[in-house]
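# Residue-level structure breakdown
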Amino acid sequence: ELDKNGDEERMQAVYHAVTEWATLLAVPIYVGTVLSPGVLLSVVFKPSYASGGAALSIVASGFFLHTLSGSSGDAGVVNVVLNLLLIPRFGITGAAVASAVSYGLFNIYYLFYLNRLTGLLPISRSFLRSLLLSFLAVSVVWIGVTTAGGANVVTVLTALSMSSVIHAVVVLKTKTMTAGD
């Protein structure tokens with residue numbers, strides 16, 4: 001509707017707001033998934049699932065890139081082809097790489113196409129500062145809590161709670177909120 005009405009400024013503002021908030025909501029869970037995948041799998045399922053931690057981190061990274069790029073495309077065909085090529089040789093890690101690479105490539109392609117066509121970008125430059133500082137703060141919390149607490153439900157819930165609070169503080173202190181937000 002905004003594109004049809006030629007309201008490019010408002011379209012950019014909505015695209016930024018939606019993408020940035022989706023990204024911000026995902027950061028504490030994503031960081032925990034990448035830094036402590038074995039702990040999460042042990043707690044959510046059982047300890048024998050911890051060996052899938054690398055695959056979980058890889059898939060989570062692909063989906064985080066998908067979120068960060070504003071969910072600009074889908075990658076089904078490339079994902080299937082890469083799965084056929086990578087799973088026989090690398091197993092579950094090959095499947096994870098196939099998913100992450102296909103989502104990453106398609107989203108990068110769609111971002112360039114969308115930017116060339118409309119001039120839109122999914123995030124603002126000021127948002128990157130907030131995101132980087134939050135990643136650092138949340139990473140420190142996850143590493144500290146999971147190192148001290150081990151693989152159990154209390155540790156995961158403590159790490160998630162603390163990192164969410166720290167994340168919120170960093171975002172509120174560093175991100176300039178707009179009316180669109």
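What comes next concerns the included structure. (Residues numbered from 1 in each chain as written. Predicted model: local features only at pLDDT ≥ 70, side-chain atom pairs only at ≥ 80, totals over all residues. Heavy atoms only, no water.)

### What to know about the overall build of the chain
Short version of the rule: The numbering of helices and of strands both runs from the N terminus, where a helix is a DSSP run of H or I of at least 4 residues and a strand a run of E of at least 2. Buried means the residue's accessible area, taken with a 1.4 Å probe over protein chains only, is under 20% of the maximum for its type, while exposed means over 50%, and partly exposed covers the values in between. To be clear on the numbers: accessible area is Shrake-Rupley with a 1.4 Å probe, and residue cover counts the displayed protein chains and nothing else. When charges are counted, Lys and Arg are positive and Asp and Glu negative, with His and the chain ends excluded. To locate a charge, take NZ of a lysine, CZ of an arginine, CG of an aspartate or CD of a glutamate.
From N to C terminus, the chain includes 7 helices and 0 strands. For the chain, the α and β elements follow one another from N to C terminus as α-α-α-α-α-α-α. Along the longest, intermediate and shortest principal axes, the C-alpha atoms of the chain span 55 × 45 × 20 Å. Relative to its 181 residues, the chain shows a buried fraction of 41%. Looking at the chain as shown, the accessible area adds up to about 10300 Å², and 69% of this sits on carbon and sulfur atoms. Put simply, the chain has 9 plus and 8 minus side-chain charges, and the middle of one group is 13 Å from the middle of the other.

### Observations concerning the packing of helix H4 (residues 76-90) against helix H5 (residues 92-118)
Defined as follows: Every axis corresponds to a line fitted to the C-alpha atoms, with the helix fit spanning only the stretch in contact, and the corresponding angles, defined between N-to-C directions, vary from 0 to 180 degrees. Here is the rule for angles: anything less than 35 degrees is roughly parallel, anything more than 145 is roughly antiparallel, 65 through 115 is roughly perpendicular, and the remaining ranges are oblique. Working rule for handedness: look at the near helix, and if it is turned counterclockwise from the far one by less than a right angle, call the crossing left-handed; if clockwise, right-handed. Contacts were defined at the residue level, with two residues in contact if any of their heavy atoms lie within 4.5 Å. Under the scheme applied here, ten amino acids are nonpolar (Ala, Val, Leu, Ile, Met, Phe, Trp, Tyr, Cys and Pro), four are charged (Asp, Glu, Lys and Arg), and all others, including Gly, are polar.
Orientation of H4 relative to H5, taken along the N-to-C sense of each, is 155 degrees, at an axis distance of 7 Å. Considering the angle they form, H4 stands roughly antiparallel to H5. Every pair of crossing elements has a handedness; the one defined by H4 and H5 is right-handed. Only Ile92, Thr93, Gly94, Ala95, Val97, Ala98, Ser99, Val101, Ser102 and Phe106 of H5 make contact with H4, whose side of the interface consists of Val78, Asn79, Leu82, Asn83, Leu86, Ile87 and Phe90. Split by residue class, the contact of H4 with H5 holds 11 nonpolar, 6 polar and no charged.

### With respect to the packing of helix H1 (residues 8-35) against helix H6 (residues 125-149)
Contact geometry of H1 with H6 gives a least axis separation of 9 Å together with a crossing angle of 30 degrees. Taken together, the axes of H1 and H6 lie roughly parallel to each other. Like other packed secondary-structure pairs, H1 and H6 cross with a definite hand, here right-handed. Every residue of H6 that contacts H1 at Glu20, Thr23, Leu24, Val27, Pro28, Tyr30, Val31, Gly32 and Leu35 is listed here: Phe127, Leu131, Ser134, Phe135, Val138, Ser139, Trp142 and Ile143. The class makeup of the residues in the contact of H1 with H6 is 12 nonpolar, 4 polar and 1 charged.

### Digging into the environment of leucine 41
If you trace the backbone, leucine 41 turns up in helix H2 (residues 37-44). Distance in space between the C-alpha atoms of leucine 41 and glycine 52 is 7.7 Å, their sequence separation being 11 residues. Aside from chain neighbours lying at most four places away, what touches leucine 41 is Lys46, Tyr49, Ala50, Gly52, Gly53 and Leu56.

### Observations concerning the packing of aromatic side chains
The following threshold applies: Pairs were defined over the aromatic rings of Phe, Tyr and Trp, the Trp ring being its six-membered one, requiring ring centres within 6.5 Å. Orientation was assigned from the angle between planes: stacked under 30 degrees, edge-to-face over 60, tilted for the rest.
If you walk through the whole model with that rule in mind, you get 8 aromatic pairs. Seen in terms of ring centroids, phenylalanine 64 and phenylalanine 135 are 5.6 Å apart; in terms of plane orientation they differ by 85 degrees. Their pairing is edge-to-face. With phenylalanine 64 in helix H3 (residues 53-68) and phenylalanine 135 in helix H6, this residue pair connects regions lying 71 residues apart in the sequence. Judged by relative accessible area, phenylalanine 64 falls into the buried class, the value being 6%. Between tyrosine 109 and tyrosine 113, the aromatic rings sit 6.3 Å apart at their centres with planes inclined by 15 degrees, giving stacked as the arrangement. Placement of the pair is tyrosine 109 and tyrosine 113 together in helix H5, with a separation of 4 residues, close to one helical turn. Every member of this aromatic cluster is reached through a ring pair, and the members are Phe106, Tyr109, Tyr110 and Tyr113.

### A few points about helix H7 (residues 153-174)
So the rule is basically this: Here the expected span of a helix is defined as 1.5 Å times the quantity of residues minus one. Note that the arc is defined by the directions from the helix axis to the C-beta atoms. Polar contacts here mean pairs of N or O atoms no more than 3.5 Å apart (in protein, one a potential hydrogen donor and the other a potential acceptor; neighbouring residues in sequence count only if both atoms are side-chain atoms).
Over its 22 residues, H7 extends 31 Å from the first C-alpha to the last, a length consistent with the 32 Å expected when each residue adds 1.5 Å. Along H7, the residues classified as buried are Thr155, Val156, Ala159, Ser163, His167, Val170, Val171 and Thr174. One side of H7 holds all its buried residues, which, seen down the axis, span an arc of 110 degrees. Among the exposed residues of H7, those oriented more than 90 degrees off its buried face are Val154, Val165, Leu172 and Lys173. Tucked inside the fold, the buried residues of H7 contact H1, H2 and H6. Of the residues flanking the start of H7, the one acting as N-cap is asparagine 152, its side-chain oxygen 3.1 Å from the backbone nitrogen of valine 154.

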